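Notes for the structure review
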Amino acid sequence: YTLSLHDALPISQIQTRFGKKALPNCIISNCASASDLLEVALLLKEAGLLRVVDGEPASTVNIIPLFETVADLDASAGVMSELFALPWYRTLLNS
């Protein structure tokens, strides 16, 4: 299953109607790589839930990777290290 912009828009609608705390998290099932998480960040940007101001990202949704297979769990430290090495991602975490 791949998340699409069609999937991200209801998050925006729920947050607009009930507030940002109504749906603060997006869990990425079967996350296997850094690109899986960055893909969701791009979709959230397209849906208006992640904005970039002066190169700095800020999101109303926490993007949470879920490593489910043994192989993904074994690779998870490397995936997270790759993400933490990105200044953009570290800024996103603080938003």
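Thresholds applied
Residues numbered from 1 in each chain as written. Predicted model: local features only at pLDDT ≥ 70, side-chain atom pairs only at ≥ 80, totals over all residues. Heavy atoms only, no water. Helix = DSSP H or I, 4+ residues; strand = E, 2+ residues; numbered from the N terminus. Expected span 1.5 Å × (residues − 1). Buried < 20%, exposed > 50% of the residue type's maximum accessible area, 1.4 Å probe, protein only. Axes fitted to C-alpha atoms, helices over the stretch in contact; angles between N-to-C directions. Parallel < 35°, antiparallel > 145°, perpendicular 65-115°, else oblique. Contact = heavy atoms within 4.5 Å. Nonpolar A, V, L, I, M, F, W, Y, C, P; charged D, E, K, R; others polar. Core = buried A, V, L, I, M, F, W, Y, C linked by side-chain atoms within 4.5 Å.

1. Quick look at helix 2 (residues 34-46)
End to end, helix 2 covers 19 Å across 13 residues, agreeing with the expected 18 Å (1.5 Å per residue, within 8%). Buried within helix 2 we find Ala34, Leu37, Val40, Ala41, Leu43 and Leu44. Immediately downstream of helix 2, the backbone of Gly48 shows phi near 85 degrees, a positive value.

2. What about the packing of helix 3 (residues 70-84) against helix 4 (residues 87-94)?
At a minimum axis separation of 6 Å, helix 3 and helix 4 run at an interaxial angle of 90 degrees. Relative to helix 4, the element helix 3 lies roughly perpendicular. Within the contact between the two elements, helix 3 uses Met80, Leu83 and Phe84 and helix 4 uses Tyr89, Arg90 and Leu93. When its residues are assigned to classes, the contact of helix 3 with helix 4 shows 5 nonpolar, no polar and 1 charged.

3. Considerations on the environment of Trp88
Mapped onto the elements, Trp88 comes out in helix 4. Given the relative accessible area of 30%, Trp88 is considered partly exposed. It is 26 Å that separates the C-alpha atoms of Trp88 and Gln13, two residues lying 75 residues apart in sequence. In this structure Trp88 touches Leu38, Ala41, Leu50, Val52, Gly55 and Pro57, once residues within four positions along its chain are discounted.

4. Focus on the environment of Leu66
Tracing the backbone shows Leu66 in the loop between strand 4 (62-65) and helix 3. Linking Leu66 and Asn30, residues 36 residues apart in sequence, is a C-alpha distance of 5.9 Å. Residues contacting Leu66, with those up to four places away along its chain left out, are Ile27, Ile28, Ser29, Asn30 and Cys31.

5. Focus on the packing of helix 2 against helix 3
Orientation of helix 2 relative to helix 3, taken along the N-to-C sense of each, is 50 degrees, at an axis distance of 9 Å. Between helix 2 and helix 3, the interaxial angle falls into the category oblique. In this structure, helix 2 contributes Ala34, Leu37 and Leu38 to the contact, and helix 3 contributes Val79, Glu82 and Leu83. The residue makeup of the contact of helix 2 with helix 3, split by class, is 5 nonpolar, no polar and 1 charged.

6. Observations concerning the nonpolar core
Grouped together as the largest cluster of nonpolar side chains are 20 residues, with contacts concentrated most on Leu44, Ile63 and Leu83. By residue number, the principal contributor to this core is helix 2, which donates 5 residues. Discounting residues that sit within four places of it in the chain, Leu83 has contacts with Ala34, Leu37, Leu38 and Tyr89.

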